[in-house]
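Residue-level structural notes
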Amino acid sequence: MGGKQDPTANGSPKSESMGAKKASPDLLNSSFSFKSLKLKTKQQELLLRVSILGLVYVLAFIARLFSVLRYESMIHEFDPYFNYRTTLYLTEKGFYEFWNWFDSESWYPLGRIIGGTLYPGLMVTAALIYWTLRFLRFFVHIREVCVLTAPFFASNTTIVAYFFGKEIWDTGAGLVAAALIAICPGYISRSVAGSYDNEAVAIFALLLTFYLFVKAVKTGSLSWALGSAFGYFYMVSAWGGYVFIINLVPLYVLVLLITGRYSMRLYVAYNCMYILGMLLAMQIRFVGFQHVQSGEHMGAMGVFLLMQVFYFLDWVKYQLNDTKLFQTFLRITVTSAILVGGIALGVGTASGYISPWTGRFYSLLDPTYAKDHIPIIASVSEHQPTAWSSFMFDYHILLFLFPAGLYFCFKRLSDATIFIVMYGLTSLYFAGVMVRLILVATPAVCLISAIAVSATVKNLTSLLRTKQKVPQTGSTKGVGSSKSSSKVTLDQSQPFQKNGAIALLVGVFYLLSRYAIHCTWVTSEAYSSPSIVLAARGAHGNRIIFDDYREAYYWLRQNTPTDAKVMSWWDYGYQITAMGNRTVIVDNNTWNNTHIATVGRAMSSYEDEAYDIMRSLDVNYVLVVFGGVTGYSSDDINKFLWMVRIGGGVYPVIKEPDYLVNGEFRVDKGASPKMLNCLMYKLCYYRFGELVTEYGKPTGYDRARGVEIGNKDIKLEHLEEAYTTSNWIVRIYRVKPPTNRL
Amino acid sequence: MMNLSRSVALISLFLLPLLSFSFSVDNPTDRRVLVLLDDLSLKSSHSIFFSTLKSRGFDLDFKLAEDSKLALQRYGQYLYDGLIIFAPSTERFGGSLDSKSIADFVDSGRDLILSADTSASDLIRGIALECGVDFDEDSSAMVIDHSSFSVSDVDGDHTLIAADDLVKSHAILGKTKIEAPVLFRGVAHSLNPTNNLVLKVLSASPSAYSANPSSKLSSPPQLTGSAISLVSVMQARNNARVVISGSLQLFSDKLFRSGVQKAGSPNKYEKSGNEQFATELSKWVFHERGHLKAGSLVHHRVGETDEPAIYRIKDDLEFSVEILEWSGKSWEPYVADDVQVQFYMMSPYVLKTLSTDKKGLFHTSFKVPDVYGVFQFKVEYEKLGYTTLSLSKQIPVRPYRHNEYERFIPTAYPYYGACFTTMAGFFVFSFVYLYHK
């Protein structure tokens, strides 16, 4: 049934993306039709460009609406629920209450200062849109605003991509870049309607900052640098990924310094951007003084100081005409500068004033670091190293257009292309380390690929045209003239050139149309699932919806005391507080490892030991996610080893080998005794032994793991089953009070 | 007229359950007590004990333990507030009664006096086990004590014990000291070490042991010395009270009246301590004494009266709680100097002893610690013999708001000065640089 929808939805992106790529060839054809309107070529071009951009803008928005059509207008996944909850609070209580919000419903009993531990950019943006709409008398619900924030910003990103492409190459590349990024799966995966997460606005802010900075370096204008600083401020307010900017930009400056491309423009752009950006970023409470105190930001400061030294030396060189004297002076200054900088860094680090790099940063530089040292980072699925298949899945043809684009960039090296090359290479490395960072690399990959597409198509079409009007080529095509003129010279010698060019163009269009089809397919099949509502295909190809999560959360909301504390693995914390409106022990903001480890310990202990832990945390309900009936594989049993590892990381009484048999994780009869009797196993498989899940299989057959469970006779002593959803995906247990007479 | 009569009827309908339900939070003393006997002759042989109960206003309902119409509840309502089981040899209760329904009776907050004797049945042992008491497994065993037996023990097997090792608690045994030893003849029991709700009221002396007096001892006795409990009490978490005695004779008229002289002791008493002991114990078990009631926990900032929804760190607050004691007839102010309040988040951050105004109000004031989180006011009052008070109230504590910090710090004035002079200097410098020459 779902497949039937595809062609209709497919039609528009395909035609439009192709239209965008046809920008330059269309110019030629359409000019005839527009002749009657008596528009000049420039005007025609402008009209075309604006209409293409407009179409791309709309396309980027509607391609992300699959999830709304398939399911409903709802918030997806885990983190977006927190963002939604905070946005709701912001719109209801105003900014100051939000800023000072102490949330007593999460991380019981520690609580969480929301205002000081989040990036408020996303919520403020959504609230501003909401207030604007209300001011314009559009009375929408805040949820609709939140759902559509990500597509809206994805559309805005295409505009920025256009200008960025224009800046580094030409308008053609800009249009292609806008079209590519509009439907690139790597970006869509984090910006479909309902994916109300920081990344939704952050990619826009990231690209905007880079664009404005490149513009500032190109023009040397203070105002562009100022704009870039504000872009950086927005990025800092929106996402922790701003660290990428504050490291990439200095790296870029350093490379320019080393390659002898230092200029006054660079000096103005970087100093203004760094100083103002840093001061602005300090206004975000969560970031605070990190720019001057944390190891991750020290590179930017070092480069800033280096620039001053550079400038000073330049000045001294200008003052001293004696080269020999200058050489000595240079040596002394550089040595002392490095010495002072080194001592400052050493003292700062040793005294604890400059904090060392965080685990996340380490794990980016050394992909094996998290696995050995910080299980909580390694346990997150989106922090896993990227598989090749997901590169192919998310980039498709961009994967081999990227090297071609790099080739073109190196062919025509400028400050701007150096930037995009560096951005592309570094982000692609990070994308290889962590799955989620594919998102950061996507704009760079799209831009560089756009250069490849645009330059190739332009060359080929100019070949086609030079065949007819050989003498004009050099003058009409300012851009890439050397290329085309060299082709022109070749042209004379090769007889099948025109046919070859046509064949190549057809090939390019074929590839691009495949890309469009792939992107639409991926968007509709893979990235538009809200993950809170699960869908499966039935035996007859019909769609089966599992709405168990919401069922369970609404049960909690309706049937438990308002001050009840719910213990679950941290993945479900945000959803429980947002939808169930109940206090949780741990949630997705994994700031306190010990607290999470305590929950992990409770889950992996025997029931009576776990009972003591739960009593000490005042737990009233325990919630587990179980996929044994439906075959849903990302349930708590499959996550269980991480609970053991994280629990064991803090409490050495929990040992991973106790839960394994010959290094193998099993739940059937061969499982280890500790595994068969730990709390998580008992809660998941309670009463499961009586159930026939699949025809022709024994009772207690776990469909998610494909085995018959090992402990079918589970008795609970301190807990009792309170609620199990219709497909057994969520099971809730009540913690009994201590026995009356014992 | 019609209306009036109807409303009267309605009011009486509403009042009826209130009137008939005498055992309530406001009036904790039991009124209706079921007495189960395995022989109706016990009614006369233990008449003093029963008559003291009756004289204190208890409504005793004597039934044979085998009575087929026995029922503790009807239509989900309990018919009795208390239960006395003087039926040590009963193997099976009549009617719907079994050990589980008696456990449920206790779990519903009602009280129980259980007396075993030599050759107590498995049923009685089972009920005792539910309350954390293990009777000696040997059904013919008795407590034997060759040094603190009663001289009036004519049989010479030293099974009539003169015990005087009583628990020191005014709440349980009353203010008047029990001078005379308590006579005891019966079976020994020990307490379940993992159960901390049960305690010995009458312990055996160190020289006592549990064995069959008529046969020769072939192996060392399992229960010896002061590990042997003669009479124990258990106060459940819901403050239901249970007395378990190893001797039925302890409550009998014969031992109530008999004189006592402990072997090797020159003191001779006209009357044994049994009557006083049993009476005082029954007062405790039926909530005539040692029953506390606490009002809600009241707290507010100093100088305010309303309870805030949230505190800020370093707020000064006042805390109070009203605790009353049931005197058997009315609620009197409870006076003690050991009631404490905790300001608790995973561990107590503040632990203060409350001072009392002698009118039942306990209060204190303290400063909220410099830690934010979800705190609880906790009053955990566990005093021997008294009902356990376990009260808690959750209250979050937030950090400072953005505008609650000190605005201008005196020590930072040099920095403010530096900042503004730099700004002014830059301004002047720009003018000089731009317009000089």
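A quick note: this is a predicted structure, and the numbers were derived from the prediction, not measured.

For chain A, the count of helices and strands is 34 helices and 11 strands. Relative to its length of 742 residues, chain A is compact, with a C-alpha radius of gyration of 29 Å against a globular reference of 27 Å. Counting only C-alpha atoms and orienting by the principal axes, one finds that chain A spans roughly 100 × 70 × 60 Å. A burial count over chain A gives 55% of its 742 residues as buried.

This part is about the sheet that holds strand 5 (residues 565-567) of chain A. Residue and element names in this part refer to chain A. If you trace the 5 strands from one edge of the open sheet to the other, you get 6-5-7-11-10, paired in mixed fashion. Edge positions in the open sheet fall to strand 6 (583-584) and strand 10 (719-724), since each of these has one partner strand only. The pairing of strand 5 with strand 6 spans 2 bridges and is classified as parallel. Residue Lys 565 lies in a different strand from strand 6, and its bridge partner there is Thr 583.

Let's shift gears to the UniProt feature "domain: STT3/PglB/AglB core" (unreviewed entry) in chain A. The sites that UniProt annotates as "domain: STT3/PglB/AglB core" (unreviewed entry) are residues 565-623 of chain A. Helix makes up 51% of residues 565-623 of chain A and strand 14%, with an end-to-end C-alpha separation of 10 Å.

This paragraph deals with the sheet that holds strand 28 (residues 373-381) of chain B. Residue and element names in this part refer to chain B. The mixed open sheet is built from 5 strands, whose spatial order is 21-29-28-24-25. Unpaired on one side and paired on the other, strand 21 (311-312) and strand 25 (347-353) mark the two borders of the sheet. Where strand 24 (residues 340-345) lies against strand 25, 6 bridges are found, and the strand directions are antiparallel. Considered in strand 25, the bridge of Phe 343 is made with Val 350.

So, on to the domain arrangement of chain B. All names here are of chain B. Here chain B is described as being made up of domain 1 (32-286) and domain 2 (291-398). The gap between the C-alpha centroids of domain 1 and domain 2 is 38 Å. Contact residues are listed per partner, giving 10 residues for domain 1 and 6 residues for domain 2. Buried area between domain 1 and domain 2, summed over both chains or domains, comes out near 590 Å², and the portion from carbon and sulfur atoms is 53%. It is Ala 171, Asn 239 and Arg 241 that lose the most area in domain 1 upon contact with domain 2, and together they represent 54% of the buried surface on that side. On the surface where domain 1 and domain 2 come into contact, there are 0 salt bridges. In this assembly, domain 1 and domain 2 are joined by 4 residue pairs in polar contact (both at pLDDT 80 or more). Along the lines of polarity and charge, the residues of the side of domain 1 that touches domain 2 split into 5 nonpolar, 3 polar and 2 charged.

All right, on to the UniProt feature "transmembrane region" (unreviewed entry) in chain B then. In the numbering used here, UniProt assigns the feature "transmembrane region" (unreviewed entry) to residues 413-435 of chain B. In the segment residues 413-435 of chain B, helix accounts for 100% and strand for 0%; the C-alpha atoms at its two ends are 33 Å apart.

On to a nonpolar patch on the surface, then. Together, Phe 426, Phe 427, Val 428, Phe 429, Phe 431, Val 432, Tyr 433, Leu 434 and Tyr 435 of chain B make up an exposed nonpolar region whose accessible area comes to about 1,100 Å². As for its placement among the helices and strands, Val 432 of chain B is situated in helix 9 (residues 413-435).

Attention now moves to the pairing of strand 5 (residues 82-86) of chain B. All names here are of chain B. Summarising burial for strand 5: 5 of the 5 residues are buried, a large majority. Burial along strand 5 is two-sided: Gly 82, Ile 84 and Phe 86 facing one way and Leu 83 and Ile 85 facing the other are all buried. Where strand 1 (residues 32-37) meets strand 5, 5 bridges bridge the pair, whose relative direction is parallel. Counted as the bridge partner of Leu 36 is Ile 85 from strand 5. In this sheet, strand 6 (residues 111-115) lies alongside strand 5 in parallel orientation, the contact comprising 4 bridges. For Gly 82, the partnering residue across the bridge sits in strand 6 and is Asp 111.

What counts and how
Residues numbered from 1 in each chain as written. Chains lettered and ligands numbered in written order. Predicted model: local features only at pLDDT ≥ 70, side-chain atom pairs only at ≥ 80, totals over all residues. Heavy atoms only, no water. Helix = DSSP H or I, 4+ residues; strand = E, 2+ residues; numbered from the N terminus. Rg over C-alpha atoms; globule rule 2.2 N^0.38 Å. Buried < 20%, exposed > 50% of the residue type's maximum accessible area, 1.4 Å probe, protein only. Pairing = 2+ DSSP bridges. UniProt positions renumbered as here; feature names shortened; annotations may be inferred. Domains from an automatic or database assignment. Contact = heavy atoms within 4.5 Å. Buried area = accessible area lost by both parts, 1.4 Å probe. Salt bridge = Lys/Arg side-chain N within 4 Å of Asp/Glu carboxyl O. Polar contact = N/O pair within 3.5 Å; in protein donor to acceptor, adjacent residues only side chain to side chain. Nonpolar A, V, L, I, M, F, W, Y, C, P; charged D, E, K, R; others polar. Patch = residues over 30% accessible without salt bridge, like charges linked within 9 Å, V, L, I, M, F, W, Y side chains within 5 Å. Areas by Shrake-Rupley, 256 points an atom, 1.4 Å probe, with all protein chains shown as cover.

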